[in-house]
Amino acid sequence: MNFLEVNSLHLDVGGFELTGVNLEAEKGDYVALTGPSGSGKSLLLETVIGFYAPKKGSIFLEGRDITALPPDKRQISIVYQDHMLFPHMDVFENIAYALRKKLRDKKQIESEVRQIAGILGIDGLLHRKPTTLSGGEKQRAALARSLVVRPKLLLLDEPFSALDIRNREKMREALKKAIREYRTTVLHVTHDFDDIWSLANRVVIIRNGEVMQEGDPESVFRRPSPDFVADFLGTNVLKGKVRALEGKLTVLEIRGPGQNQIPNKIQKQNQNQNRDQKKNRDQSQSFEIYSADSAEPGEEVSISIRPEEIILARGAVESSARNTVKGIVTGISKKEHLVLVEMEIGNSAAGNSGQGNSESGISELKAVVTPTSCELLDLGIGKEIYAVFKAANARIIR
Amino acid sequence: MQSVRKIWTKESCTGKNHEKNCVRDSCISNSCIRKTCVRNSWFRNATIGISFFFTFLLFLAVGTLLLVLKPSELLSALMSEEMLYSMELSVLTASLSTLTVMGCSIPTAYALSRFSFPGKSLVKTILGLPMAFPELVLGLALLLLFGQGFLGPFLETLGIKVPFSKLGIVVAQFFIAFPYAVRVIYSTFEDINPRYEQVSRSFGYGEFETFRNVTLPMARSGLFASAVITFARCIGAFGAVLILAGGSYMHTEVLPVTLYLNISYGNLEMAITSGVLLMLIAFLAILTFERFEGGSL
């Protein structure tokens, strides 16, 4: 039996519900729970800690059924986004309060408090009231309070989401250090993929109170399973059909706009535009993508390509990468310290603007580049661009 | 007004000049909308006029009460045996009622705020009733309940007599102030995020320990404010006290009863003095309430 086992948990709390959530964690695991807002992640945490009684299902911790135990008997701690430090106690008292139920000896309590305060870098703040602390300091204090009791399980409910990026990074480092020291198993609800990358060894994606996919971050990000997960994770998803196998590579035919929605559009167009349109349709053939994953010929599949795995080029370059797709830049936006470039692909009549738009079934591709590359390539909306990526990075998802 | 109307440019529509002269219907300056452009609205003038007139009347009434007696008259009325008795009994009964009210309304408000239970909305409705319920009727109902009808004979075997006794004053004050106290404390508890309690529970503290260590200290300023307002309500309670406790001279005579009795004898000085006392208490209570309700202690 696993260290933590949540078995087909059902719960309905005014608008939010869990419908048969299953979750497992080994001792020492760091599990990130993610999914769209309102998907029941926080509710799951509050059920695990015992604030809500599930309608159906069970929770086992260390082989013991804790489903019906009150929260004070579970030895599970929680850190909320809004820290919940007791305002009538100073930081020291907040942390010591957590220990008082466990330890009687004052000296021992003090040394435990000082130890965790040292690890999290709040030793200088112990005699401050929570209202005088900054956001990051409050979260460190809250984390210290939750960890000092050495809980069997630590629950983090978006603890960093109210912090700025720099503080988040510092907090992650502090958290990592503290987790190593206290050897705690963690369930961490987050919307921030950086949290998942830098902290978690397992990730669980939840939607509408249901687990959609789980696994180690690497495989979930590289090979997101249902389309929803792929879309939620921000990866590119292209739908296509397996045409042939070429050695170890699978050749996929990605539907271009010519095959589906353009004819409908033609009916709406003026007669004299018809010829242009037709020409455009002939040019916007479907295109091929090579994938290193195996599939059966004729199979309908989706492929996922991570935006950071796409290289952008001004012209068709010869390289070891098997895939080169031409497109037009449709959007450039800042994404933290990088630039997100959106492009339309599959329309070989590139530059013939006015005809192609995303409604006509043209696939979109997102790529992430540095601001310097963006400048060097002289990227601009409407400009022609080539997306280059390896066959190994075009992963088939079913 | 038409004579000052002219075309205003964006520039001329700012600054001092603007406020004095602008009569444009379409002026977009904030100060203009608030202060100038609606200057001649009859509706605005009427509402402001009414608010001033009646506040002034109220002020005049309160002021008269304070100024009508000479200090020497006030002092002699204050030092009279009847007034001293009345003050002492008032403070004593109101303190006792406040303690009981707080002791009962804190658990009631907490249950209403945190737990769901069958009959919760019924409890809420019944607690809301006295807000619109005439005090005299409440007194009558209490008299029937504690009198010969229902609880009376039972309590009498225990040696407890509620009607026409000092205990009756406390009982009447309790039922007058209890629903208000529950309201104030309820909103205090509602303002405390239950997650504070959940965090405390997760460290191994039981429900009551958490309530004592976390909820009560966090609610203390709200509790203090509600105790003050409860005390003021208790000391000023009249109708129910008169019916249940009888309002007899130097026996169940609290400050409002003193006012009432002396007015009927035509003894204005005593009546006014008790009025001044009651008003001061109310004034202090409201000041304290405003200071601490929702604030920090």
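Look above for the structure.
Residues numbered from 1 in each chain as written. Chains lettered and ligands numbered in written order. Predicted model: local features only at pLDDT ≥ 70, side-chain atom pairs only at ≥ 80, totals over all residues. Heavy atoms only, no water.

Enquirer: Whenever I open this one, the overall build of chain A confuses me. Can you help?
Expert: Secondary structure summary: chain A contains eleven helices and 20 strands in total. Buried residues in chain A amount to 52% of all 398 residues. Once local pairs closer than 6 in sequence are excluded, the contacts in chain A between residues at least 24 apart make up 71%. Within the structure as shown, chain A displays about 18,400 Å² of accessible surface, and the carbon and sulfur contribution to it stands at 46%. (Helix = DSSP H or I, 4+ residues; strand = E, 2+ residues; numbered from the N terminus. Buried < 20%, exposed > 50% of the residue type's maximum accessible area, 1.4 Å probe, protein only. Contact = heavy atoms within 4.5 Å. Areas by Shrake-Rupley, 256 points an atom, 1.4 Å probe, with all protein chains shown as cover.)

Enquirer: How should unusual backbone geometry be read in this particular structure?
Expert: With the exception of glycine, most residues fall at negative phi, and the peptide bonds are largely trans. Residues and elements named next belong to chain A. Even without being a glycine, Gln 75 presents a positive backbone phi close to 55°. Within the element layout of this structure, Gln 75 appears in the loop between strand E5 (64–65) and strand E6 (76–80). Unlike most non-glycine residues, Met 84 shows phi in positive territory, near 55°. Within the secondary structure, Met 84 is located in the loop between E6 and helix H2 (91–100). On the accessibility criterion, Met 84 (3% relative accessible area) is buried.

Enquirer: Honestly, the packing of aromatic side chains in this entry has me stumped. Any pointers?
Expert: Any aromatic ring pair is given by two values, namely how distant the centres are and how the planes are angled relative to each other. In total, this model carries 13 aromatic pairs over all chains according to the counting rule given. Taking 5.7 Å as the distance between ring centres and 80° as the angle between the ring planes, the aromatic pair formed by Tyr 110 of chain B and Phe 115 of chain B counts as edge-to-face. Residue classification places Tyr 110 of chain B among the buried residues on the basis of a relative accessible area of 13%. Classification of Phe 115 of chain B as partly exposed rests on a relative accessible area of 38%. Taken together, Phe 86 and Tyr 97 of chain A together with Tyr 196 and Tyr 205 of chain B form an aromatic cluster joined through their ring pairs. Sitting over the face of the ring of Phe 86 of chain A, Arg 145 of chain A holds its NZ or CZ atom 4.6 Å from the ring centroid. (Phe/Tyr/Trp six-rings, centres within 6.5 Å; stacked < 30°, edge-to-face > 60°. Lys NZ or Arg CZ within 6 Å of the ring centre and 35° of its normal.)

Enquirer: Help me out: how do you make sense of the pairing of strand E19 (residues 384–389) of chain A in this one?
Expert: Consecutive side chains along a regular strand alternate between the two faces of the sheet. Residue and element names in this part refer to chain A. E19 sits mainly inside the fold: five of its six residues count as buried. Where strand E15 (residues 311–313) lies against E19, three bridges are found, and the strand directions are antiparallel. From the neighbouring strand, Ala 313 faces E19, where its bridge partner is Tyr 386. For strand E16 (residues 323–335) and E19, the ladder comprises six bridges, and the chain directions are antiparallel. Note that in E19 the partner of Lys 326 across the bridge is Tyr 386. (Pairing = 2+ DSSP bridges.)

Enquirer: Help me understand helix H3 (residues 106–120) of chain A in this model?
Expert: Along an α-helix, residues three or four apart share an orientation, since each turn contains 3.6 residues. Residue and element names in this part refer to chain A. Relative to the 21 Å expected for 15 residues at 1.5 Å per residue, H3 spans 21 Å between its end C-alpha atoms, a close match to the ideal helical length. The complete set of buried residues in H3 reads Ile 109, Glu 112, Val 113, Ile 116, Ala 117, Ile 119 and Leu 120. Burial along H3 is one-sided: seen end-on, the buried residues are contained in an arc of 160°. Looking at the buried positions of H3, the neighbouring elements they touch are H2, helix H4 (135–147) and helix H5 (165–182). Backbone geometry just after H3 places Gly 121 at a positive phi near 70°. (Expected span 1.5 Å × (residues − 1). Arc of directions from axis to C-beta.)

Enquirer: What's the story with the pattern of salt bridges in this structure? I'm lost.
Expert: Between side chains of opposite charge, a pair can form when the charged atoms approach closely. All names here are of chain A. For the structure on display, the rule yields 21 salt bridges over all chains. In this structure, Arg 168 engages Asp 192 in a salt bridge whose closest nitrogen and oxygen atoms are separated by 3.0 Å. Placement of Arg 168 in helix H5 and of Asp 192 in the loop between strand E8 (185–189) and helix H6 (193–199) is noted, with a sequence separation of 24 residues between them. Salt-bridge contacts for Arg 395 lead to Glu 309; the nearest nitrogen and oxygen are separated by 3.5 Å. With Arg 395 in strand E20 (residues 395–397) and Glu 309 in the loop between strand E14 (300–305) and E15, this residue pair connects regions lying 86 residues apart in the sequence. Take Arg 395 and Glu 309: they sit in the same class, and that class is buried. One continuous salt-bridge network, built from bridges that share partners, spans Arg 168, Arg 172, Asp 192 and Asp 195. (Salt bridge = Lys/Arg side-chain N within 4 Å of Asp/Glu carboxyl O.)

Enquirer: It is not clear to me how the sheet that holds E14 of chain A should be interpreted in this structure. Could you clarify?
Expert: The strands making up a sheet associate through backbone hydrogen bonding, with each pair oriented either parallel or antiparallel. Residues and elements named next belong to chain A. Strand order in the open sheet made by the five strands is E13-E12-E11-E14-E20, with antiparallel pairing throughout. With one partner strand each, in any of the chains shown, strand E13 (287–291) and E20 form the two edges of the open sheet. Each strand axis lies, on average, 50° off the axis of its neighbour in the sheet, ignoring direction. For strand E11 (residues 236–246) and strand E12 (residues 249–254), the ladder comprises six bridges, and the chain directions are antiparallel. Paired with Val 242 across the bridge in E12 is Leu 252. (Axes fitted to C-alpha atoms, helices over the stretch in contact; angles between N-to-C directions.)

Enquirer: Help me out: how do you make sense of the interface of chain A and chain B in this one?
Expert: Accessible area lost upon the coming together of the parts is a frequently used measure of interface size. On the chain B side, the residues contacting the 25 residues of chain A number 19 residues. Salt-bridge contacts for Arg 195 of chain B lead to Glu 46 of chain A; the nearest nitrogen and oxygen are separated by 3.4 Å. Where chain A packs against chain B, one counts seven residue pairs in polar contact (both at pLDDT 80 or more). Of all elements in the fold, only helix H1 (41–49), E6, H2 and H4 of chain A reach the threshold of two or more residues within the side of chain A that touches chain B. Among the elements that take part in the side of chain A that touches chain B, E6 of chain A stands out by supplying four residues, more than any other. Residues belonging to the side of chain A that touches chain B are distributed by class as follows: 15 nonpolar, three polar and seven charged. (Polar contact = N/O pair within 3.5 Å; in protein donor to acceptor, adjacent residues only side chain to side chain. Nonpolar A, V, L, I, M, F, W, Y, C, P; charged D, E, K, R; others polar.)

Enquirer: What should I look at first to understand the side chain of Gln 139 of chain A in this one?
Expert: Residue and element names in this part refer to chain A. Looking at where Gln 139 falls in the secondary structure, it is placed in helix H4. Judged by relative accessible area, which is 4%, Gln 139 ranks as buried. Among the polar contacts listed, one links the side chain of Gln 139 to the backbone oxygen of Gln 81, at a separation of 2.6 Å. Setting aside its immediate chain neighbours within four residues, Gln 139 contacts Val 79, Tyr 80, Gln 81, Asp 82, His 83, Pro 159, Leu 163 and Met 171.

Enquirer: Can you walk me through the environment of Arg 114 of chain B in this structure?
Expert: All names here are of chain B. Relative to the helices and strands, Arg 114 resides in helix H5 (residues 81–114). Arg 114 sits in the buried class, given a relative accessible area of 19%. Sequence separation of Arg 114 and Tyr 186 is 72 residues, and the distance between their C-alpha atoms is 9.6 Å. Setting aside chain neighbours within four positions, we find Arg 114 in contact with Phe 189, Glu 190, Ile 192, Asn 193, Pro 194 and Glu 197. Only 3.1 Å separates the side chain of Arg 114 from the backbone oxygen of Phe 189, close enough to count as a polar contact.

Enquirer: Explanation requested: the packing of helix H7 (residues 135–146) of chain B against helix H9 (residues 166–190) of chain B in the structure shown.
Expert: Each pair of packed helices can be described by the angle between their axes along with the distance between the axes. Residue and element names in this part refer to chain B. Across the interface, H7 lies against H9 with an axial gap of 11 Å and an inter-helix angle of 130°. Between H7 and H9, the interaxial angle falls into the category oblique. The way H7 lies across H9 gives a crossing that is right-handed. The residues of H9 that touch H7, namely those facing Glu 135, Leu 138, Leu 142 and Phe 146, are Val 171, Ala 172, Phe 175 and Ile 176. (Parallel < 35°, antiparallel > 145°, perpendicular 65-115°, else oblique. Left-handed = near helix turned anticlockwise from the far one by under 90°.)

Enquirer: Which parts of the structure should I look at to understand the nonpolar core?
Expert: Grouped burial of nonpolar side chains is what soluble globular proteins tend to show. Judged by nonpolar contacts, the single largest core of 117 residues is most densely connected at Leu 4, Leu 44, Ile 95, Ile 122, Leu 143 and Leu 155 of chain A together with Phe 189 of chain B. Look past the residues within four positions of Phe 189 of chain B in its chain and what remains in contact with it is Ile 106, Ala 109, Tyr 110, Ser 113, Arg 114, Phe 211, Thr 215 and Ala 219 of chain B. Among the nonpolar cores identified, the runner-up in size contains 29 residues, and Val 339, Leu 365, Ala 367 and Ala 387 of chain A belong to it. (Core = buried A, V, L, I, M, F, W, Y, C linked by side-chain atoms within 4.5 Å.)

Enquirer: Looking at this structure, how should I read a nonpolar patch on the surface?
Expert: Taken together, the side chains of Ile 50, Phe 53, Phe 54, Phe 56, Leu 57, Phe 59 and Leu 60 of chain B present a nonpolar region at the surface, about 760 Å² in accessible area. Along the polypeptide, Phe 54 of chain B turns up in helix H3 (residues 42–67). (Patch = residues over 30% accessible without salt bridge, like charges linked within 9 Å, V, L, I, M, F, W, Y side chains within 5 Å.)

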